[in-house]
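# Understanding the architecture of this molecule
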Amino acid sequence: MQRLRFLLPLVAFALSSSLAVSPSVATLKKEIRANYLAINELAQRGQLKVAQRQCSGSGPEFSLLTDRSGNVRRYLISGGTSDSAVTWQHDYDTAGRLTFVLVTYGNVHGGEAEWRLYFAPSGRLAELVRSGSTALVSDELLWTFITREPALDWKTNWCP
């Protein structure tokens, strides 16, 4: 019983410390939303350098948006066929960490799907939100083009 009295405050302290260090998902999503809006504002003002390339034929198109310091802030990959299209939008914070991925899918039959992936500063996936007809597309496709290293991906760019 003595040991338990000694250990309980330590356990409580450890739990409260770990909870204080890692932000809640709601707080994290607010920070990610602020970063998303900041990137949109920089793009609207023309303060992001945009580089684009496309794989030959009907391959995917890549867009890399960098700020004045050369930091990648957004990386887009889009592609499709005559009857469907999918886009991966990656957002990065000023430290170069992946914060958010928005994947959108649509087809000529009216099928639509959207995935929102929220990443913690540690790099782990904090939340995945699916909406629409997500059963139309496999999770394998969802993860195909997600990248934490956009500059490296830009150099290799997945072209066959």
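Our subject is the structure listed above.
Here is a short report on the structure shown in this document. As the structure is a prediction and not an experimental result, all values here were calculated from the model. (Residues numbered from 1 in each chain as written. Predicted model: local features only at pLDDT ≥ 70, side-chain atom pairs only at ≥ 80, totals over all residues. Heavy atoms only, no water.)

### So, the sheet that holds strand β1 (residues 49-54)
Condition: When DSSP finds two or more bridges between a pair of strands, those strands are recorded as paired. Under the DSSP-based scheme used, a helix requires at least four consecutive residues in state H or I and a strand at least two consecutive residues in state E, with every element numbered from the N terminus. Only the stretch in contact is used when a helix axis is fitted, and all axes are lines through C-alpha atoms; the angle between N-to-C directions ranges over 0 to 180 degrees.
Spatially, β1-β2-β3-β4-β5-β6-β7 is the arrangement adopted by the 7 strands of the open sheet, whose pairing is antiparallel. Unpaired on one side and paired on the other, β1 and β7 (125-132) mark the two borders of the sheet. Across the sheet, the axes of successive neighbouring strands diverge by a mean angle of 10 degrees, strand direction being ignored. Alignment of strand β5 (residues 98-107) against strand β6 (residues 112-119), held across 7 bridges, turns out to be antiparallel. What sits directly across from Tyr105, in β6, is Ala113.

### Concerning the nonpolar core
So the rule is basically this: Among buried residues, the Ala, Val, Leu, Ile, Met, Phe, Trp, Tyr and Cys ones that are joined through side-chain atoms within 4.5 Å form a nonpolar core. Exposed residues in this analysis have more than 50% of their type's maximum accessible area, buried residues have under 20%, and partly exposed residues fall in between, with area computed by a 1.4 Å probe over protein chains only. The contact criterion used is simple: two residues touch if any of their non-hydrogen atoms lie within 4.5 Å.
One finds Tyr75, Trp88, Val101, Val103, Trp115 and Leu117 to be the most contacted residues of the largest nonpolar core, which totals 22 residues. Only β2 (61-66), β3 (72-80), β4 (84-92), β5 and β6 provide two or more residues apiece to this core. Among all residues touching Tyr75, those that are not within four sequence positions of it are Phe62, Ser63, Leu64, Trp88, Gln89, His90, Tyr92, Thr147, Pro150, Asp153 and Trp154.

### What about the side chain of Asn35?
Stated formally: Distance and chemistry together define a polar contact, namely a pair of N or O atoms within 3.5 Å, with one atom able to donate a hydrogen and the other to accept it when in protein, and with adjacent residues in sequence counting only for side-chain atoms on both sides.
With respect to the helices, strands and loops of the structure, Asn35 is situated in helix α2 (residues 25-44). A distance of 3.4 Å separates the side chain of Asn35 from the side chain of Thr99, its partner in a polar contact. Not counting the four nearest positions on each side in its chain, Asn35 is found in contact with Arg73, Asp91, Tyr92, Asp93 and Thr99.

### Re α2
The condition that has to hold: What a helix is expected to span follows from its residue count: subtract one and scale by 1.5 Å. This arc is built from the directions going out from the helix axis to the C-beta atoms.
Under the 1.5 Å per step criterion, the end-to-end length of α2 is 28 Å for 20 residues, consistent within 8% with the ideal 28 Å. Those residues of α2 lying buried are Leu28, Ile32, Asn35, Tyr36 and Ile39. For α2, the angular spread of buried residues about the axis comes to 100 degrees, placing them on one side. Among the exposed residues of α2, those oriented more than 90 degrees off its buried face are Lys30 and Gln44. For α2, the elements touching its buried residues are β3, β4, β5, β6 and β7.

Bear in mind that shape data such as this cannot, by itself, settle questions of function.
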